[in-house]
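One-letter residues, chain by chain:
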Amino acid sequence: DAGVIQSPRHEVTEMGQEVTLRCKPISGHDYLFWYRQTMMRGLELLIYFNNNVPIDDSGMPEDRFSAKMPNASFSTLKIQPSEPRDSAVYFCASSTPEGTSGEQYFGPGTRLTVT
Amino acid sequence: QQPVQSPQAVILREGEDAVINCSSSKALYSVHWYRQKHGEAPVFLMILLKGGEQKGHDKISASFNEKKQQSSLYLTASQLSYSGTYFCGTEGGNDYKLSFGAGTTVTVRA
């Protein structure tokens, strides 16, 4: 299996621009998570989906952030408009459906820089 | 609520042991441990479930004290490959939602 795939790997954009991050989870995984990692705040859960349905978006910082999962093999995280404080590494992770708690498999991340 | 990890950093020589602690202020359903190398994604190491079940790495062990809401990760006979930042992730209910600690940076030197 190719693992979790994220694109782009690096994104540099100017303040005010729209940014779309993409994720393809591991085939057969029912759960998909979006995290943000910064030095100041560490690794934060933004939102997660189960069977393409958003379950908890309490970590989404504000209305500028939105996430969708139109099907089992694709999800997007959109920031509109972007701000310099959004600069971070954004990870997507997916999880197996088996067991009562599943390990999460992380993608390589997207490093976002907003100037 | 973010769990608290200690120490923040540790430096070891190959073959030495270390313990990383993770504590939470709320009741826990499970504790997950991940390791992240610089510039890479976190990689799963271990899950400890309420009730004592443990799944994961065969060379790194951990414990979970449910009453104290604490977990410890034991690095035994450390190898150079153990270097990285270790994160604990705590789950309050059976909901897959993890809160991660700030991380413990481990450096193993030859």
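The notes below deal with the structure included here.

Parameters and conventions
Residues numbered from 1 in each chain as written. Chains lettered and ligands numbered in written order. Predicted model: local features only at pLDDT ≥ 70, side-chain atom pairs only at ≥ 80, totals over all residues. Heavy atoms only, no water. Contact = heavy atoms within 4.5 Å. Buried area = accessible area lost by both parts, 1.4 Å probe. Salt bridge = Lys/Arg side-chain N within 4 Å of Asp/Glu carboxyl O. Polar contact = N/O pair within 3.5 Å; in protein donor to acceptor, adjacent residues only side chain to side chain. 1 Å grid on protein atoms, 1.4 Å probe; cavity = no way out; pocket = protein on both sides within 12 Å on 5 of 7 lines; lining within 4 Å. Points joined across faces, edges and corners; volume = space filled by probe spheres on them. Helix = DSSP H or I, 4+ residues; strand = E, 2+ residues; numbered from the N terminus. Nonpolar A, V, L, I, M, F, W, Y, C, P; charged D, E, K, R; others polar. Pairing = 2+ DSSP bridges. Axes fitted to C-alpha atoms, helices over the stretch in contact; angles between N-to-C directions. Buried < 20%, exposed > 50% of the residue type's maximum accessible area, 1.4 Å probe, protein only.

Once that is clear, we can look at the interface of chain A and chain B. Bring the parts together and some accessible area is lost; that lost area is often taken as the interface size. Contacts between the two partners involve 23 residues from chain A, matched on the other side by 21 residues from chain B. Between chain A and chain B the total buried area reaches about 1,800 Å² when both faces are included, carbon and sulfur atoms providing 53% of it. Residue Lys-97 of chain B pairs with Asp-56 of chain A through a salt bridge whose shortest N-O separation is 2.7 Å. Linking chain A with chain B are five residue pairs in polar contact (both at pLDDT 80 or more), by the criterion used here.

We now examine the layout of surface pockets. The probe, sized like a water molecule, is rolled over the atoms to show the empty space still left. In this structure, the largest pocket occupies an estimated 580 Å³ of space. Lining the largest pocket are 22 residues, with Gln-37, Met-39 and Arg-111 of chain A together with Gln-36 and Gly-39 of chain B sitting closest to its centre. Elements with a contribution of two residues or more to the lining of the largest pocket: β4 (31-38), β9 (88-95) and β11 (110-114) of chain A together with β9 (84-91) of chain B. By residue class, the composition of the lining of the largest pocket is seven nonpolar, eleven polar and four charged. Taken as a whole, the second largest pocket holds about 450 Å³ of empty space. Examining the composition of the lining of the second largest pocket, we find that five residues originate from one element, strand β5 (residues 42-50) of chain A, more than from any other. Here the lining of the second largest pocket is composed, by residue class, of eight nonpolar, eight polar and twelve charged.

Residues and elements named next belong to chain B. Read from one edge to the other, the open sheet built from four strands follows the order β1-β3-β8-β7, with strand pairing classed as antiparallel. Lying at the two open borders of the sheet, with one neighbouring strand each, are β1 (4-6) and β7 (60-65). Strand-to-strand twist across the sheet, computed as the mean angle between neighbouring axes with direction ignored, equals 15°. Examined bridge by bridge, β1 and strand β3 (residues 18-23) share three bridges and lie antiparallel to one another. By the bridge assignment for β3, Ser-6 is matched with Asn-21.

Residues and elements named next belong to chain A. Residue placement: Ser-82 occurs in the loop between β8 (74-79) and β9. With relative accessibility at 1%, the residue Ser-82 sits in the buried group. For Ser-82, the side chain forms a polar contact with the main-chain oxygen of Glu-14, separated by 3.4 Å.

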